[in-house]
Amino acid sequence: GIISVLSAKYSFFAYLVYSDGDFALGWDIMEPVTYLYGIFFGNLAIVYIAFFGIQFEVPGYISRVTERRIKHICEKEGFDLEHFSKLKNDISELTLQVRPPESLVLRPPIDLSGISDDIRKQS
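In this report, we go over the structure that sits alongside the text. If you're wondering where the values come from, they're calculated on a predicted model, not measured in any experiment.

Here helix α4 (residues 81-98) contains 18 residues, and its C-alpha end-to-end distance of 26 Å stays within 8% of the 26 Å for a straight helix at 1.5 Å per residue. The N-cap residue of α4 is D80: its side-chain oxygen and the backbone nitrogen of E82 are 3.5 Å apart.

Tallying each qualifying case throughout the model produces two salt bridges. Between K71 and E67 there is a salt bridge whose closest N-O contact spans 3.4 Å. Placement of both K71 and E67 in helix α3 (residues 58-77) is noted, with a separation of four residues, approximately one turn of the helix. The exposure class assigned to K71 is partly exposed, which follows from its relative accessible area of 43%. With relative accessibility at 46%, the residue E67 sits in the partly exposed group. Of the charged contacts in the structure, one is a salt bridge between D90 and K86, with a shortest N-O distance of 3.2 Å. Of this pair, D90 and K86 both sit in helix α4, four residues apart, which is roughly one turn of that helix. Given a relative accessible area of 49%, K86 falls into the partly exposed group.

What counts as what
Residues numbered from 1 in each chain as written. Predicted model: local features only at pLDDT ≥ 70, side-chain atom pairs only at ≥ 80, totals over all residues. Heavy atoms only, no water. Helix = DSSP H or I, 4+ residues; strand = E, 2+ residues; numbered from the N terminus. Expected span 1.5 Å × (residues − 1). Polar contact = N/O pair within 3.5 Å; in protein donor to acceptor, adjacent residues only side chain to side chain. Salt bridge = Lys/Arg side-chain N within 4 Å of Asp/Glu carboxyl O. Buried < 20%, exposed > 50% of the residue type's maximum accessible area, 1.4 Å probe, protein only.

Listed below in structure tokens is the structure:
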């Protein structure tokens, strides 16, 4: 993953700066190379963020990571997440259809809207 890529990059730069081998360039050559490397990938990250519109706020990041992890686990276990979502939506629609009409819902026999709060608390 990312740790191995970073390790390889820093190992390669360290080899080019500090080794005595054939490819040793020294710090005087490698300093601008590493600087330009960092600037290039920093700008590349900004372009990526602007192009895809990704926001790096904690709640958004956590929801993206959680969603990606759930999809990975569902694929690994063979669970059909789309079918599950469809079933959940069907259940919520059926629940709305089964709900009793407003005329059957019990309401208080007296309209308490015109009574002050003090009197309402006493009753």
